Amino acid sequence: EHEHEHEHEHEHEHEHEHEHEHEHEHYDGHVWLDPENAILIMGVITERLKKLDPSHAQKFEDNLKKATLELKDFHGKWSSKPQKMNYLTFHDFTQYLDHAFGTQCVGVISPTCQHGGLSPKHIQNLRNLVKNKKVSVFIKEPQFSDKALLKIIPSEKTTIVTVDYLGSNLPLTKNLFELTLENILKAITLN
């Protein structure tokens, strides 16, 4: 009887582990693209740094306060601008950005289309999306080619803009995060 209970507990634990793993499959690692989330992340990092190096705790706290004010100012500046343009991207990275700034990604093309993964039906669906949602901008990342896009997007109505959402081509400065967000927002809004 005891052995049966143990087996049942093991099965239950295995089911729970499977459910837990399944939950992580849908995790979106782009949470940092919302300034409010970035502020929370900076707070966690600051607390960890204060524990690791207590002699500089006040400096870490001061930097957090300054960075928080700068991000809130940046967020306020861009949130007040009308961001009504619909856009497409190669992969789904802008959910948090859209929520924070009122922009709207209306569709995503999987990067697999770079390797011939677009079926004629998929191309037609994307063309319909571009037309019906009045898509004016397509955000392309530097590592992807325009080749697949030209099959989908009528060039006279939609602008293709290359955006490095990681900011890897920007100078390493104290306001790299704001510059990265600003580049994305300028691309989306054609500013």
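Scroll up a little and you will see the structure.
Residues numbered from 1 in each chain as written. Predicted model: local features only at pLDDT ≥ 70, side-chain atom pairs only at ≥ 80, totals over all residues. Heavy atoms only, no water.

Considering the packing of aromatic side chains
Following the criterion strictly, the structure yields 6 aromatic pairs and no others. On the basis of an interplanar angle of 85° and a centroid distance of 6.1 Å, the ring pair of phenylalanine 74 and phenylalanine 101 is categorised as edge-to-face. Pair noted here: phenylalanine 74 is in helix α3 (residues 57-79) and phenylalanine 101 is in helix α4 (residues 95-101), with a separation of 27 residues, a long-range link. This pair shows no difference in class: phenylalanine 74 is buried, exactly as phenylalanine 101 is. The structure contains a cluster of three or more aromatic residues connected by ring pairs, namely Trp32, Phe93, Tyr165 and Phe177. (Phe/Tyr/Trp six-rings, centres within 6.5 Å; stacked < 30°, edge-to-face > 60°. Helix = DSSP H or I, 4+ residues; strand = E, 2+ residues; numbered from the N terminus. Buried < 20%, exposed > 50% of the residue type's maximum accessible area, 1.4 Å probe, protein only.)

A word on the packing of helix α2 (residues 35-52) against α3
When two helices pack together, their arrangement is given by the angle between their axes and by how far apart the axes lie. Closest axis-to-axis distance for the α2/α3 pair is 10 Å, and the angle between their directions is 175°. Between α2 and α3, the crossing angle belongs to the class labelled roughly antiparallel. Note on element contacts: α3 touches α2 through Ala57, Phe60, Glu61, Leu64, Ala67, Thr68, Leu71, Lys72 and His75, opposite Pro35, Glu36, Ala38, Ile39, Met42, Gly43, Thr46, Glu47, Leu49 and Lys50. (Axes fitted to C-alpha atoms, helices over the stretch in contact; angles between N-to-C directions. Parallel < 35°, antiparallel > 145°, perpendicular 65-115°, else oblique. Contact = heavy atoms within 4.5 Å.)

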